[in-house]
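# Structure assessment
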Amino acid sequence: MKFSKQFLFAAIMLLSVGQVFSQMVILSGPERGSYKQFTDEIVALMAESGIELENQITEGSASNFRGLTNPALNYKMALIQSDYLHLMEATDKVNDTYLTSPLKVVMELAKEQIHLVAKKSSELTSLQDLDQKMMGIGSENQGGFATARRMRVQTQVEWRNVYVGFDEMLKRLKSGSIDVGLVVGSAPLDMLDIDPEVMVDGMKL
């Protein structure tokens, strides 16, 4: 992805007031996810200007949000899925809380794709086929469940949510304990390049 070096430099300078650059950490995401790839590129680009940043791998958007809103941790930057951020803003309104008030979006990095992954042998061909099926939607530390919630409201298809991380999701797809997995990420999404030994039946989107 092409980033504006000047914009990134200005944004990081603003966020870094009173801090030593070498202490700046970006909370990214899982090892094989697109957030980690984005952050690797940002770190490399800023290094050209002498700004040292650290890419801290995390479990996902929900854990990033908790890290960013916990004043005891003093994190300044994190990648957070927009669906999850909007869910937290709505939660603030309902609960009369203010967790999202100090936050601002510095840059939108990419549009994300929603992938529904199933075995090739599955008879699932449409969203309507997912009614009452078991769907892995990511762990509670990721933002996929916020996307799943919006999808259920808009489609009115009542699948059953299963909170499970990506690697465990593949194992459960293989064993048949879930019918489909929800994967949200920006292209190219390397995690969909699945080892055939893990998914011997193959997969379809």
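Quick caveat, the model's predicted, so the values are computed rather than measured. (Residues numbered from 1 in each chain as written. Predicted model: local features only at pLDDT ≥ 70, side-chain atom pairs only at ≥ 80, totals over all residues. Heavy atoms only, no water.)

## Considering the overall build of the chain
Secondary structure assignment for the chain yields 6 helices and 8 strands. The buried share of the chain, taken over its 205 residues, is 42%. For the chain, the proportion of contacts with a sequence separation of at least 24, taken over those separated by at least 6, is 74%. For the chain, the accessible surface area stands at approximately 11,500 Å², while carbon and sulfur atoms represent 52% of it. (Helix = DSSP H or I, 4+ residues; strand = E, 2+ residues; numbered from the N terminus. Buried < 20%, exposed > 50% of the residue type's maximum accessible area, 1.4 Å probe, protein only. Contact = heavy atoms within 4.5 Å. Areas by Shrake-Rupley, 256 points an atom, 1.4 Å probe, with all protein chains shown as cover.)

## A look at the pattern of salt bridges
This model, assessed by the stated rule, comprises 5 salt bridges. A salt bridge links Arg150 to Asp83; its shortest N-O distance comes to 2.7 Å. With Arg150 in helix α5 (residues 144–155) and Asp83 in helix α4 (residues 82–95), the pair connects residues that are 67 residues apart, well separated along the chain. Asp83 gets classed as buried once you look at its relative accessible area, which sits at 16%. One salt bridge in this structure joins Glu158 and Arg152, with 2.3 Å as the shortest N-O distance. The structure contains a network of salt bridges with shared partners spanning Glu31, Lys36 and Asp40. (Salt bridge = Lys/Arg side-chain N within 4 Å of Asp/Glu carboxyl O.)

## Considerations on helix α6 (residues 166–175)
Taken together, the buried positions of α6 are occupied by Phe166, Met169, Leu170 and Leu173. Each buried residue of α6 lies within a common arc of 100° when the element is viewed along its axis, so the set occupies one face. Seen from the buried face of α6, the exposed residues on the opposite side, beyond 90 degrees, are Lys171 and Ser175. Buried residues belonging to α6 abut β4 (113–119), β5 (134–136) and β7 (180–185). Note on α6: the residue one or two positions beyond its end, Gly176, has a positive phi of about 90°. (Arc of directions from axis to C-beta.)

## With respect to the side chain of Thr39
Residue placement: Thr39 occurs in helix α2 (residues 34–47). Apart from the residues lying within four places of it in its own chain, the contact partners of Thr39 are Ile26, Ser28, Asn55 and Leu79.

## Concerning the packing of aromatic side chains
Within the structure shown, the criterion is met by 3 aromatic pairs. A centroid spacing of 5.8 Å and a plane angle of 70° characterise the contact between Phe65 and Tyr84, whose relative ring orientation is edge-to-face. Within this pair, whereas Phe65 is found in helix α3 (residues 61–69), its partner Tyr84 is found in helix α4, the two being separated by 19 residues in sequence. Seen in terms of ring centroids, Tyr84 and Phe145 are 5.8 Å apart; in terms of plane orientation they differ by 80°. Their pairing is edge-to-face. Taken as a pair, Tyr84 in helix α4 and Phe145 in helix α5 lie far apart in primary sequence, 61 residues in all. Neither residue differs from the other here; Tyr84 and Phe145 are each classed as buried. One aromatic cluster in this structure is built from Phe65, Tyr84, Phe145 and Tyr163. (Phe/Tyr/Trp six-rings, centres within 6.5 Å; stacked < 30°, edge-to-face > 60°.)

## As for α5
For α5, which comprises 12 residues, the first-to-last C-alpha distance of 16 Å matches the rise-based estimate of 16 Å (1.5 Å per residue) to within 8%. Within the span of α5, buried status applies to Gly144, Phe145, Ala146, Thr147, Ala148 and Met151. Positive phi shows up at Gln156, right after α5, with a value of about 60°. (Expected span 1.5 Å × (residues − 1).)

## Topic: unusual backbone geometry
The phi dihedral of Asn74 falls on the positive side, at around 65°, and the residue is not glycine. For Asn74, the position within the fold is in the loop between α3 and β3 (77–78). On the basis of relative accessibility, which here comes to 44%, the residue Asn74 falls in the partly exposed class. Not every positive phi belongs to a glycine, and Gln156 is a case in point at roughly 60°. Relative to the helices and strands, Gln156 resides in the loop between α5 and β6 (160–162). Take Gln156: its relative accessible area is 65%, and that puts it in the exposed class.

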